[in-house]
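# An overview of the molecular structure
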Amino acid sequence: MADRTPTSVLISEPQLQDRVRELATQIRADYPENVHIIAVLKGAFMFMSDLVRHLGGSVSLDFMAVSSYAKGTTSSGEVRLVKDLDTALDGKDVLIVEDIVDTGLTLTYLQEILQARGPRSLRTACLLSKPSRRKIDVKVDYVGFTIEDKFVVGYGLDYAEQYRNLPYIGVLG
Ligand code: 5GP
């Protein structure tokens, strides 16, 4: 078990659900045809699953896993590809779905390796953004919520593999 517990709710379940629905409407308007979603495991699993439920229409999915934070709340600054995609990207309209953009290192790495695979277009949706922590000016096309520099858990995000199942975003105490 993790040794810290979330003390306060930063973004409630209804707030998350409303915003994800809005993002889905916006994304669908921008992708009248198929959108090929790449969810970044593990943190984006819940955001992705709610998002695609509201997208309707034509959606294809693939998953990637990277590791940036080993254990704890500070970044190692190192990004490692843990699981690669199952399908090619050439000619596809690709949308990366990420949980949070913090320093921007992970997303920059992902955008670079995916762009090199020849998608027709490549955009990014992040549920959360912490702009005050940015080290690289990475482009994020759809942002759910901009938050302060706090370590958050829940709705897919973990601390030592705990709390991913919370239906809200909380701040660790
Ligand atoms: P970046 O490379 O932008 O610094 O970090 C991105 C990754 O760090 C995210 O995909 C996420 O796994 C992790 N991360 C950054 N901030 C937080 C946070 O507040 N809470 C949790 N649980 N993970 C975070």
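Scroll up to find the structure this text is about.
Now for a look at the structure at hand.

## Observations concerning the overall build of the protein
Each helix and strand counted, the protein has three helices and nine strands in total. When the helices and strands of the protein are placed in sequence order, the string is β-α-β-α-β-β-β-α-β-β-β-β. A compact globule built from 173 residues would reach a C-alpha radius of gyration of about 16 Å, and the protein, at 15 Å, matches this within 12%. Expressed as lengths along the three principal axes of its C-alpha atoms, the size of the protein is roughly 45 × 35 × 30 Å. Considering the protein as a whole, with its 173 residues, one finds that 46% of them fall into the buried category. Intrachain contacts of the protein at a sequence separation of at least 6 include 69% that bridge at least 24 residues.

## A closer look at the packing of aromatic side chains
Evaluation of the coordinates by the stated rule reveals one aromatic pair. With a centroid separation of 6.2 Å and an interplanar angle of 80 degrees, the aromatic rings of F151 and Y159 are classed as edge-to-face. Judged by relative accessible area, Y159 falls into the buried class, the value being 12%.

## What to know about the site of the ligand
Lining the immediate environment of the ligand, one finds 17 residues, of which D99, T103, T106, V152 and D158 sit closest. Here an oxygen atom of the ligand and a side-chain polar atom of E98 are 3.3 Å apart. Within the side chain of T103, one N or O atom sits 2.5 Å away from an oxygen atom of the ligand. If the ligand stood free it would expose 510 Å²; the protein chains cover 93% of that surface. Contributions of two or more residues to the shell around the ligand are made by β5 (93–101) and α3 (105–115). At four residues, the largest contribution of residues to the shell around the ligand is made by β5. Looking at the shell around the ligand residue by residue, the class counts come to seven nonpolar, four polar and six charged.

## Thoughts on the pattern of salt bridges
Pairing is possible between side chains that carry opposite charge, provided their charged atoms lie close to one another. Summed over the entire model, instances satisfying the criterion amount to 15 salt bridges. The residue D30 makes a salt bridge to R123 at a minimum N-O spacing of 3.5 Å. Highlighted residues: D30 in helix α1 (residues 13–30) and R123 in strand β6 (residues 121–129), separated in sequence by 93 residues. Between K150 and E148 there is a salt bridge, with its nearest N and O atoms 3.9 Å apart.

## A closer look at α1
Here α1 spans 26 Å end to end across 18 residues, near enough to the 26 Å set by a 1.5 Å rise per residue. Three or more residues of α1 are buried, namely L16, Q17, V20, L23, A24, I27 and R28. The arc that holds every buried residue of α1, seen down its axis, measures 130 degrees, which confines them to one face. Those residues of α1 that are exposed and aimed more than 90 degrees away from the buried face are P14, T25 and A29.

Conventions and cut-offs
Here the residue numbers are simple positions, counted from 1 along each chain's written sequence. In keeping with the model being predicted, local features are shown solely for residues with a pLDDT of at least 70 and side-chain atom pairs are shown and tallied solely at 80 or more, while totals for entire chains, interfaces and linings include all residues. With hydrogens and water excluded, all non-hydrogen atoms of the structure serve as input to the side-chain values. Numbering of helices and strands runs from the N terminus; a helix is a DSSP stretch of H or I covering at least four residues, while a strand is a stretch of E covering at least two. The globule rule used for comparison is 2.2 Å times the number of residues to the exponent 0.38, while the radius of gyration itself is calculated over C-alpha atoms. Here the term buried applies to any residue with accessible area under 20% of the maximum for its type, exposed to any over 50%, and partly exposed to those in between, with areas from a 1.4 Å probe on protein chains only. Residue contacts are defined here by distance: any two heavy atoms, one from each residue, within 4.5 Å place the two residues in contact. Here is the rule: rings of Phe, Tyr and Trp (six-membered ring for Trp) pair when centre to centre is within 6.5 Å. Planes less than 30 degrees apart are stacked, more than 60 are edge-to-face, and the remainder are tilted. Working definition: residue near molecule or strand if any one of its non-hydrogen atoms lies within 4 Å of it. We define a polar contact as two N or O atoms separated by no more than 3.5 Å, with the added condition that, inside protein, one atom must be a possible hydrogen donor and the other a possible acceptor, whereas residues neighbouring each other in sequence contribute only through side-chain atom pairs. Residue-level accessible areas treat just the shown protein chains as cover; the underlying method is Shrake-Rupley with a 1.4 Å probe. Residue polarity is assigned by list, with Asp, Glu, Lys and Arg as charged and Ala, Val, Leu, Ile, Met, Phe, Trp, Tyr, Cys and Pro as nonpolar; anything else, Gly included, falls into the polar class. Salt bridge, as used here: a side-chain nitrogen of Lys or Arg that lies within 4 Å of a carboxyl oxygen of Asp or Glu. Every helix has an expected span of 1.5 Å times one less than the residues it contains. By definition, the arc is the one covered by directions from the helix axis to the C-beta atoms.

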